[in-house]
Amino acid sequence: MAPFSPPVAENARLIESQGMHVGMTPLPPALEQIFMTVQAVATIATVCQYLSPYPVIRKIARQHTTGNFSYFPFLANFLNATLTTVYGFLLRDNFMMLINSFGITVTGAYLIMYQRYYPQRILLLRNLFLWCLTMVGTCHYATITLEESSGRLLMGTAQNCCSIASFIAPLSTLRIVFEHRSAESVPFLMTMMNFFSSLSWFF
């Protein structure tokens, strides 16, 4: 097959940038409108999910202590946002990279604020360093060492695992809930937004 001429190649890049491949039949206008609506809802839900821990961080900063709040939800969201951004890079999906770059910034700021008031700060920083080192190693292996298709599979699997972890992370203090008979350590807003975000992406 002859290579694309410049106009055809430009049209092919334009089609792929809109989420379609060369040879794929365009969606009917009605279905395209539904797709855009679902994408908009999923975007809003994801942004709200990343912003939902803010009341917890504000309470921690006001009380100068982390109390019974676990750092695991903040870490899981940070890892999930980072891996999803790299996965979007491998897929050449600018939308995925943009929305999750915002997530990296916000969740990274949450972790910085959290570690300031954590009683065992050195231990926490060590754990965070090890998790981040593992994440960087995985991303390097997937993007540099492996072939593109294998890298996508690895990053997709890692991202799915972190997504599941971020959804169950608010329940990491469930033992404290039963011991103290109080749900204060389970952030309700974060749990609710995790539910709506996963529901929107399901569709």
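Predicted model, so just to flag it, every value in this text is computed and none were measured. (Residues numbered from 1 in each chain as written. Predicted model: local features only at pLDDT ≥ 70, side-chain atom pairs only at ≥ 80, totals over all residues. Heavy atoms only, no water.)

> Would you take a moment to explain unusual backbone geometry for this structure?
Glycine aside, residues mostly have negative phi angles, and peptide bonds mostly take the trans form. Even without glycine at this site, His64 takes up a positive phi of about 60°. Note on placement: His64 falls in the loop between α3 (54-63) and α4 (72-91). Its identity as a non-glycine residue notwithstanding, Arg92 has a phi of 60°, on the positive side. Following the sequence through the fold, Arg92 ends up in the loop between α4 and α5 (94-117). Looking at Arg92, the relative accessible area reads 59%, which means it is exposed. (Helix = DSSP H or I, 4+ residues; strand = E, 2+ residues; numbered from the N terminus. Buried < 20%, exposed > 50% of the residue type's maximum accessible area, 1.4 Å probe, protein only.)

> Quick question: what am I supposed to make of the packing of α4 against helix α7 (residues 148-168) here?
Axes are the key here: two packed helices are described by the angle between their axes and the distance separating the axes. Remark: α4 packs on α7, axes separated minimally by 8 Å, with the N-to-C direction vectors making an angle of 155°. Relative to α7, α4 is oriented roughly antiparallel. Between α4 and α7 lies a crossing whose hand is left-handed. Taking contact as the criterion, the partners of Phe72, Ala76, Asn77, Leu79, Asn80, Leu83, Thr84, Val86, Tyr87, Leu90 and Leu91 in α4 are, on α7, Glu148, Gly151, Arg152, Met155, Gly156, Ala158, Gln159, Cys162, Ser163, Ala165 and Ser166. (Axes fitted to C-alpha atoms, helices over the stretch in contact; angles between N-to-C directions. Parallel < 35°, antiparallel > 145°, perpendicular 65-115°, else oblique. Left-handed = near helix turned anticlockwise from the far one by under 90°. Contact = heavy atoms within 4.5 Å.)

> So what exactly am I meant to see when it comes to the nonpolar core here?
In summary, soluble globular proteins display a tendency toward joint burial of nonpolar side chains. With 26 residues, the main nonpolar core has Ile60, Phe74, Leu83, Tyr114 and Met155 as its most contacted residues. Listed by contribution, the elements that provide at least two residues to this core are α3, α4, α5, α6 (121-145) and α7. When residues in this core are grouped by element, the largest group, seven residues, is from α4. (Core = buried A, V, L, I, M, F, W, Y, C linked by side-chain atoms within 4.5 Å.)

Everything listed is a geometric property; what it means functionally is a separate question.
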